[in-house]
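Residues per chain are reported as follows:
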Amino acid sequence: ETRIQRQRFMQKIADSEIELAFDQGEIIAGQHSAPVNEIEFELKQGSIHELIQAVQPWVEKYQIWLDSSSKALKGQMLQQALQAPPVQYQNSLTLHADDRIGAALPKISANCLEHLLPNSSAIAGQQYEAGHVHQARVAIRRMRSALKTFGQWAGRDTQAWQDQLAELFRQLGATRDRDALAASLIPQLQLAGSPVSELPAQAEAVEEDISALFRAPKTTLLLLELIEFSHQPQDGKSKLKKQSRRQLNKMHQQICQAESAFEQLQAEEKHRLRKRVKRLRYSVEFIASLYPQSAMKPYLKALKPLQESLGRFNDLTVAQALFEKSVSQQPQSWFVLGWIAAEQHHIEQQIQQELTAFCQAQCFWK
């Protein structure tokens, strides 16, 4: 049940009409209730650009933030006594062989936002779990990959967006790293008989900062700009399939340059390789609907294990840095560091083999 008092009025901007509705009240399910205090902006007629223009001053003046969850979802959460909404995963994307790059990039951006906004809303509302944080980071990385791979044909400079998304991604990183390590590393240490069975104490709390991050006006304004972009086809005339072929070739060759001596690469070079593999994986997923699955399958079969092993190696590197800081207070951490070093050596050899297999895989786009 909803008990809402609504105030509404119409705003005209140029040729557009936007309805603003301010809702105050509560949602009730049995003995439970949740307050409602939100403002909705609805485009009745006109352009998405003018709708975003109408919202921006409210963000800047009142620090409102974007919440994509509906009252129905909130009511279902109350009814089922859920502490957080379902985690949103990426949806499949359908492009067409005759799509131009200017039309395809907004579609790709919209797909990334469908992935990001439900998770970012849960985090902003402080009703989230580790999965929301992880999927928000995946969605941000997918959006960054799309802009970096195809952004030069966007009809505008996307570098500022890429920089803002990179900072957002970085600020979410500490929480994701600890959650991933707690889920994967700790059980393995316990099986190995480690005297240490938990991560080193965290220097500072991050949960409140993460929620504030998605309530910050600069984040909301960035999301609004991306929403506007995702609804406006650009001027790029070249076909997506032709342009993506060039980019995929470039990324594939850059990755294969590391085949000869992965173990000898510096830490930063290994990290860069992992980012390139992820970007290639996301770029392939974006254009997957343009090619037969039978042609793509062997390539992905070689790419996926390489990405997973590089991710595992990165997690071990993060864990190594955490435990190195704790050695002076907890000497038992030397056991963990020895175990990590052995695991890293094993995975480096595995990555070397997977790089060779990947570089021998047939590029499906040729």
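Residues numbered from 1 in each chain as written. Predicted model: local features only at pLDDT ≥ 70, side-chain atom pairs only at ≥ 80, totals over all residues. Heavy atoms only, no water.

### Considering the overall build of the protein
- Looking only at helices and strands, the protein has 11 helices and 3 strands in total.
- Seen in sequence order, the protein has helices and strands lined up from the N terminus as β-β-β-α-α-α-α-α-α-α-α-α-α-α.
- If one aligns the C-alpha atoms of the protein with their principal axes, the spans along those axes are about 65 × 55 × 35 Å.
- For the protein, with 366 residues in total, the buried portion stands at 46%.
- Roughly 18,900 Å² of accessible area belongs to the protein as shown, and the carbon and sulfur atoms make up 48% of that amount.
- Averaging the locations of the 42 positively and 40 negatively charged side chains of the protein gives two centres separated by 8 Å. (Helix = DSSP H or I, 4+ residues; strand = E, 2+ residues; numbered from the N terminus. Buried < 20%, exposed > 50% of the residue type's maximum accessible area, 1.4 Å probe, protein only. Areas by Shrake-Rupley, 256 points an atom, 1.4 Å probe, with all protein chains shown as cover. Lys, Arg positive; Asp, Glu negative; His and termini not counted. Charge placed at Lys NZ, Arg CZ, Asp CG, Glu CD.)

### Considerations on the packing of helix H8 (residues 240-256) against helix H11 (residues 333-360)
- Axis separation between H8 and H11 bottoms out at 10 Å; the angle between their running directions is 145 degrees. For H8 against H11, the interelement crossing comes out left-handed. Across the interface between the two elements, His252, Ile255 and Cys256 from H8 touch Leu355, Phe358 and Cys359 from H11.
- Partitioned by chemical class, the residues of the contact of H8 with H11 number 5 nonpolar, 1 polar and no charged. (Axes fitted to C-alpha atoms, helices over the stretch in contact; angles between N-to-C directions. Left-handed = near helix turned anticlockwise from the far one by under 90°. Contact = heavy atoms within 4.5 Å. Nonpolar A, V, L, I, M, F, W, Y, C, P; charged D, E, K, R; others polar.)

### Some remarks on the packing of aromatic side chains
- In this structure the tally under the stated criterion is 9 aromatic pairs.
- Residues Phe41 and Trp58 carry aromatic rings whose centres are separated by 6.0 Å and whose planes lie at 75 degrees to one another, so their mutual orientation is edge-to-face. Placement of the pair is Phe41 in strand E3 (residues 32-45) and Trp58 in helix H1 (residues 48-62), with a sequence separation of 17 residues.
- Their ring planes at 85 degrees and their centres at 5.1 Å tell us that Phe364 and Trp365 sit as a pair that is edge-to-face. Take Phe364 and Trp365: they sit in the same class, and that class is buried.
- Each residue in the set Tyr291, Tyr299, Phe358, Phe364 and Trp365 is aromatic and connected to the rest through ring pairs, giving one cluster.
- For Arg215, the ring lying beneath its charged end belongs to Trp65, and the centroid distance is 5.6 Å. (Phe/Tyr/Trp six-rings, centres within 6.5 Å; stacked < 30°, edge-to-face > 60°. Lys NZ or Arg CZ within 6 Å of the ring centre and 35° of its normal.)

### As for the side chain of His115
- Secondary-structure assignment places His115 in helix H3 (residues 101-124).
- Within the structure, the side chain of His115 is placed 2.7 Å from the side chain of Gln135, a separation counted as a polar contact.
- Of the polar contacts made by the side chain of His115, one reaches the side chain of Arg142; its length is 3.3 Å.
- Setting aside anything within four residues of it in sequence, one finds His115 in contact with Gln88, Tyr89, Gln90, Gln135, Val138, Ala139 and Arg142. (Polar contact = N/O pair within 3.5 Å; in protein donor to acceptor, adjacent residues only side chain to side chain.)

### Here we look at the state of the cysteines
- Inspection of every chain in the model, using the stated rule, returns 1 disulfide.
- A disulfide bridge connects Cys256 with Cys359, and the sulfur atoms are separated by 2.4 Å. Since a negative S-S torsion denotes a left-handed disulfide, the Cys256-Cys359 link at about -120 degrees is left-handed. Within this pair, whereas Cys256 is found in helix H8, its partner Cys359 is found in helix H11, the two being separated by 103 residues in sequence.
- As a non-bridged cysteine, Cys363 has Cys256 as the owner of its nearest cysteine sulfur, 7.3 Å distant.
- For Cys363, a relative accessible area of 7% gives the class buried. (Disulfide = S-S within 2.5 Å.)

### As for the nonpolar core
- By size, the foremost hydrophobic cluster in this structure holds 86 residues, and its most contacted members are Phe150, Leu280, Tyr299, Phe323 and Phe358.
- Aside from chain neighbours lying at most four places away, what touches Phe358 is His252, Ile255, Cys256, Leu280, Tyr299, Ala302, Leu303 and Leu306.
- Membership of the second largest hydrophobic core comes to 12 residues, among which are Leu20, Phe41, Ile48 and Val59. (Core = buried A, V, L, I, M, F, W, Y, C linked by side-chain atoms within 4.5 Å.)

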